[in-house]
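Residue-level listing of the chains:
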Amino acid sequence: MAVLHAWRAARVTPLGELHTPPRMTAVLLRLTVQVVLVASLWHGLYANTGTTAGLSRDQAVTYAVLAVLASRMRELDQYAGRDTVLQHMHFGTIVYWYLRPLPPQRYHALRACGEKLYGFAWALAGYTVCLAAGVIDPPRSAATAGVFVLSLLLGQLVLYYVLLVLDQLCFWTVRNNAAMLILIFAQNLLSGVYAPLWFFPDWFVTLSAFLPFQATLNVPLSLYIGRIPLSDAGLQLAVQAAWVAALHVFTRFLWRRAALRVMSQGG
């Protein structure tokens, strides 16, 4: 029964996507356009230079395209399922999360797991096509591929907890639209979605090192292209794991505090 509840919770958002073919077509078109434009941009930027900020043209293109594909793992239309924390807080239905046999923190995690797996399927398909077309370089070795996958998993966990904190903010503010826009911009900028962090000034790179954002994307992609050598992989993975542990403890505390703010009246 527990497995059945978990499966039903995990498939909510993916089912909403799969049952709307026009939405899937739009996603495919947007992803294709993004990959083509990003690859063309970086090819153009490297037209008259060989290496910039320690990255060759192929490394930069691979990094940028992988960043586009990885972003697909968090760009799902959660509002279509009418089951976001923001929507439940607005309509007062968040109380039902606390009346179910499944604890709200586990339900939220299962929802996110299903969304991540669905997004990963898109990213993997895009990666396969780009690799076959020669748009991106393959990993340098099997060890690099293994470390990249582990780092990417840890990065997605960090991202989940960062977004969870934003959802939990609704228990105190009811709405988090402005905070969401700020976080998305900060995440894209500080994680290296817009450009690898090595293109930014030294003070910016130092600042980002004290925040969890670069652990979500910049670290795994840098390991993939070889910008971070395998000899430093252990330290980077440890930092990612530390962020996961710290954010896990913090969000558990927020879940307990949030429960005190939820009141159920009537039967």
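Given the structure is predicted, the values throughout are model-derived calculations rather than measurements. (Residues numbered from 1 in each chain as written. Predicted model: local features only at pLDDT ≥ 70, side-chain atom pairs only at ≥ 80, totals over all residues. Heavy atoms only, no water.)

Q: What should I look at first to understand the environment of Ala-125 in this one?
A: Tracing the backbone shows Ala-125 in helix 6 (residues 104-133). A sequence separation of 56 residues divides Ala-125 from Leu-69, and the C-alpha atoms of the two residues are 9.2 Å apart. (Helix = DSSP H or I, 4+ residues; strand = E, 2+ residues; numbered from the N terminus.)

Q: When you look at the pattern of salt bridges in this model, what are you seeing that I'm missing?
A: As a working rule, side chains carrying opposite charge can pair if their charged atoms are close by. All chains considered together, the criterion is met by two salt bridges. Residue Arg-111 pairs with Glu-115 through a salt bridge whose shortest N-O separation is 3.1 Å. One end of the pair is Arg-111 and the other is Glu-115, both in helix 6 and four residues apart, which spans about a single turn. On the basis of relative accessibility, which here comes to 8%, the residue Glu-115 falls in the buried class. (Salt bridge = Lys/Arg side-chain N within 4 Å of Asp/Glu carboxyl O. Buried < 20%, exposed > 50% of the residue type's maximum accessible area, 1.4 Å probe, protein only.)

Q: Can you walk me through the packing of helix 7 (residues 142-168) against helix 9 (residues 177-190) in this structure?
A: Packed helices, taken two at a time, are described by the angle their axes make and the gap between the axes. Two elements in contact, helix 7 and helix 9, have axes separated by 10 Å at closest approach and are oriented at 160°. By the angle between their directions, the pair helix 7 and helix 9 is classed as roughly antiparallel. The way helix 7 lies across helix 9 gives a crossing that is right-handed. Facing Leu-159, Val-162, Leu-163 and Leu-166 of helix 7, the residues of helix 9 in contact are Ala-179, Met-180, Leu-183 and Gln-187. Of the residues belonging to the contact of helix 7 with helix 9, the class tally is seven nonpolar, one polar and no charged. (Axes fitted to C-alpha atoms, helices over the stretch in contact; angles between N-to-C directions. Parallel < 35°, antiparallel > 145°, perpendicular 65-115°, else oblique. Left-handed = near helix turned anticlockwise from the far one by under 90°. Contact = heavy atoms within 4.5 Å. Nonpolar A, V, L, I, M, F, W, Y, C, P; charged D, E, K, R; others polar.)

Q: Explain the packing of aromatic side chains here, please?
A: The description of an aromatic ring pair uses the distance of the two centres, along with the angle that the planes make with each other. Across all of its chains, the model carries eleven aromatic pairs by this definition. Seen from their ring centres, Trp-42 and Phe-199 are 5.4 Å apart, and the 55° between their planes marks the pair as tilted. Taken together, the residues Trp-42 in helix 3 (residues 21-45) and Phe-199 in the loop between helix 9 and helix 10 (202-209) connect sequence positions 157 residues apart. Assessed through its relative accessible area of 31%, Phe-199 is described here as partly exposed. Between the aromatic rings of Trp-97 and Tyr-107, the centroid separation amounts to 5.1 Å while the plane-to-plane angle is 70°, which identifies the pairing as edge-to-face. Here Tyr-107 lies in helix 6 and Trp-97 lies in the loop between helix 5 (85-91) and helix 6, a separation of ten residues in the sequence. Assigned by exposure class, Trp-97 and Tyr-107 land together as buried. Every member of this aromatic cluster is reached through a ring pair, and the members are Trp-42, Tyr-46 and Phe-199. (Phe/Tyr/Trp six-rings, centres within 6.5 Å; stacked < 30°, edge-to-face > 60°.)

Q: Would you mind going over the environment of Asn-176 with me for this structure?
A: Note that Asn-176 resides in the loop between helix 8 (170-173) and helix 9. Separated by 91 residues in the primary sequence, Asn-176 and Val-85 have C-alpha atoms spaced 9.8 Å apart.

Q: What is the right way to look at the packing of helix 7 against helix 13 (residues 233-259) in this model?
A: Axis separation between helix 7 and helix 13 bottoms out at 9 Å; the angle between their running directions is 25°. Between helix 7 and helix 13, the angle is such that the two are roughly parallel. The handedness of the crossing between helix 7 and helix 13 comes out as left-handed. Residue-level contacts link Val-147, Leu-150, Ser-151, Leu-154, Gly-155, Leu-157, Val-158, Tyr-161, Val-162, Leu-164, Val-165 and Gln-168 of helix 7 to Ala-233, Leu-237, Gln-240, Ala-241, Trp-243, Val-244, Leu-247, His-248, Phe-250, Thr-251, Leu-254 and Trp-255 of helix 13. When its residues are assigned to classes, the contact of helix 7 with helix 13 shows 18 nonpolar, six polar and no charged.

So yeah, pure geometry; function would need other evidence.
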